[in-house]
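# Coordinate inspection notes
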Amino acid sequence: LSNFTSYGESPPELDFTKFKLAAISGFNGAGKSSLLDAVTWCVWGTSRAGDSSDALIHSGSDNMQVEFSFELDGHIYTIKRRRSKKGGGSTALEFWSGSHNLTEGTIKTTQEKIVSTLHLNFETFTNSSYLRQGHADEFTLIGPTDRKRILADILGLNHYDLLEEKAKEKVKETDSKLK
């Protein structure tokens, strides 16, 4: 990351491949939450600051960038997101699988490809894997329809919805044949 919140231009790279479990600890304001914000901003384009990317740019800087690499199903993926305040502001997003560029024509379609590859959107991530400060009760406060949708995403229950639809179609076919 570069010029992201409290982190300046060239902080050291974090490599989590050398251990199985990490604990990020430190004093208030040391940048622990900023590391998780960097990941969520890079992957989904949002963070604790919401969609206001300019608020995440290091004080006194005009731009920031975060590059995040991860392994999924035996493939190494890299997401690169940049934001500049110059000229009214601009954002760039790249998505890579190894040396193969998966970036689409627009940020929106590239973002959709990332979410599709991960099978995980920001809302599901923040309600299942990452409790943001001050939002620990968020899941309990949302309506039952949203809770059901999030749990279905987490548990992969959409597959059963498809099976239900196929079963209903089969029933209709059979009823038609019987009539």
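The structure under discussion appears in the preceding block.
Overview of the structure. All values reported here derive from a predicted model rather than from experimental measurement. (Residues numbered from 1 in each chain as written. Predicted model: local features only at pLDDT ≥ 70, side-chain atom pairs only at ≥ 80, totals over all residues. Heavy atoms only, no water.)

A few words on unusual backbone geometry. Here threonine 5, not a glycine, exhibits a phi torsion of approximately 45°, which is positive. Secondary-structure assignment places threonine 5 in the segment before helix 1 (32-44). In this model, histidine 119 sits at a positive phi of 55°, which is unusual for a non-glycine residue. Summarising the element assignment, histidine 119 is placed in the loop between helix 2 (107-118) and helix 3 (122-128). In this structure histidine 119 comes out as exposed when scored by relative accessible area, which is 67%. (Helix = DSSP H or I, 4+ residues; strand = E, 2+ residues; numbered from the N terminus. Buried < 20%, exposed > 50% of the residue type's maximum accessible area, 1.4 Å probe, protein only.)

What follows deals with the layout of surface pockets. Size it by volume and the largest pocket reaches roughly 1200 Å³. Contributing to the lining of the largest pocket are 32 residues, with Leu14, Phe16, Val39, Phe68 and Ser69 lying nearest its centre. Secondary structure elements with two or more residues in the lining of the largest pocket: helix 1 and strand 1 (63-72). (1 Å grid on protein atoms, 1.4 Å probe; cavity = no way out; pocket = protein on both sides within 12 Å on 5 of 7 lines; lining within 4 Å. Points joined across faces, edges and corners; volume = space filled by probe spheres on them.)

Take the packing of aromatic side chains next. Within the structure shown, the criterion is met by 7 aromatic pairs. With 5.9 Å between their ring centres and 45° between their planes, phenylalanine 4 and tryptophan 41 make a pair best called tilted. Taken together, the residues span a long stretch of sequence, with phenylalanine 4 in the segment before helix 1 and tryptophan 41 in helix 1 at a distance of 37 residues. Neither phenylalanine 4 nor tryptophan 41 differs from the other in exposure class; each is buried. Taken together, a centroid distance of 5.6 Å and an interplanar angle of 25° make the contact between phenylalanine 68 and phenylalanine 70 stacked. Among the residues examined, phenylalanine 68 registers a relative accessible area of 25% and is labelled partly exposed. Overall, the relative accessible area of 15% leaves phenylalanine 70 in the buried class. Here the aromatic cluster, defined as three or more aromatic residues joined through ring pairs, consists of Phe68, Phe70, Tyr77 and Phe95. (Phe/Tyr/Trp six-rings, centres within 6.5 Å; stacked < 30°, edge-to-face > 60°.)

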